[in-house]
Amino acid sequence: MDAEKWNKATNVSFDKQREVDEKLSPSIGQMQYAISYARTIYECTKIMKNASTMAHEGLIDFELAQKILDVQRKNIERGTIYLQEYLKD
């Protein structure tokens, strides 16, 4: 009997959460994707900063640094497109 009450209570709770989630845009699930893309963009910018710093310190040559910057710039552009899709109304 207790398990039955527990199941009923959790179902009611999940139904209420789903109801709220359906009213929100972006939904909580979509926000998880948006957060993931935002983190990816942030990580790409950190890589760009590190490559630039390393080139200025002479640890890597400027050509390699520029290749890294170009790749990360493309990754950021792609991530930005995906992020915008989740943030649209």
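Residues numbered from 1 in each chain as written. Predicted model: local features only at pLDDT ≥ 70, side-chain atom pairs only at ≥ 80, totals over all residues. Heavy atoms only, no water.

### Observations concerning the packing of helix α2 (residues 28–56) against helix α3 (residues 62–87)
Part 1 of the reasoning: Direction vectors running N to C along α2 and α3 enclose 165 degrees, while the axes themselves pass 9 Å from each other. It follows from the interaxial angle that α2 and α3 lie roughly antiparallel. Our pair here, α2 against α3, has a crossing hand that is left-handed.
Part 2 of the reasoning: Broken down by class, the residue content of the contact of α2 with α3 amounts to 19 nonpolar, 7 polar and 1 charged. (Axes fitted to C-alpha atoms, helices over the stretch in contact; angles between N-to-C directions. Helix = DSSP H or I, 4+ residues; strand = E, 2+ residues; numbered from the N terminus. Parallel < 35°, antiparallel > 145°, perpendicular 65-115°, else oblique. Left-handed = near helix turned anticlockwise from the far one by under 90°. Nonpolar A, V, L, I, M, F, W, Y, C, P; charged D, E, K, R; others polar.)

### Comments concerning the nonpolar core
When a protein is soluble and globular, its nonpolar side chains tend to lie buried together.
Part 1 of the reasoning: Core analysis: the biggest nonpolar cluster contains 7 residues, these being A34, I41, C44, M48, L69, I76 and L83.
Part 2 of the reasoning: For this core, the secondary structure elements donating two or more residues are α2 and α3.
Part 3 of the reasoning: Element by element, the count of residues in this core is highest for α2, at 4 residues. (Core = buried A, V, L, I, M, F, W, Y, C linked by side-chain atoms within 4.5 Å. Buried < 20%, exposed > 50% of the residue type's maximum accessible area, 1.4 Å probe, protein only.)

### As for the environment of C44
Part 1 of the reasoning: Locating C44 in the fold gives a position in helix α2.
Part 2 of the reasoning: Since its relative accessible area comes to 6%, C44 is described here as buried.
Part 3 of the reasoning: Taking the C-alpha atoms as reference points, C44 and Q72, separated by 28 residues in sequence, lie 5.5 Å from one another.
Part 4 of the reasoning: Here C44 is in contact with Q72, N75 and I76, once residues within four sequence places are set aside. (Contact = heavy atoms within 4.5 Å.)

### Some points on the side chain of Q72
Part 1 of the reasoning: Checked against the element boundaries, Q72 lands in helix α3.
Part 2 of the reasoning: Discounting chain neighbours no more than four positions away, the residues touching Q72 are C44, I47 and M48.

### Details of a nonpolar patch on the surface
Part 1 of the reasoning: Together, M31, I35 and L87 make up a nonpolar patch on the protein surface, roughly 220 Å² of accessible area in all.
Part 2 of the reasoning: Counting through the fold element by element, L87 comes out in helix α3. (Patch = residues over 30% accessible without salt bridge, like charges linked within 9 Å, V, L, I, M, F, W, Y side chains within 5 Å. Areas by Shrake-Rupley, 256 points an atom, 1.4 Å probe, with all protein chains shown as cover. Salt bridge = Lys/Arg side-chain N within 4 Å of Asp/Glu carboxyl O.)

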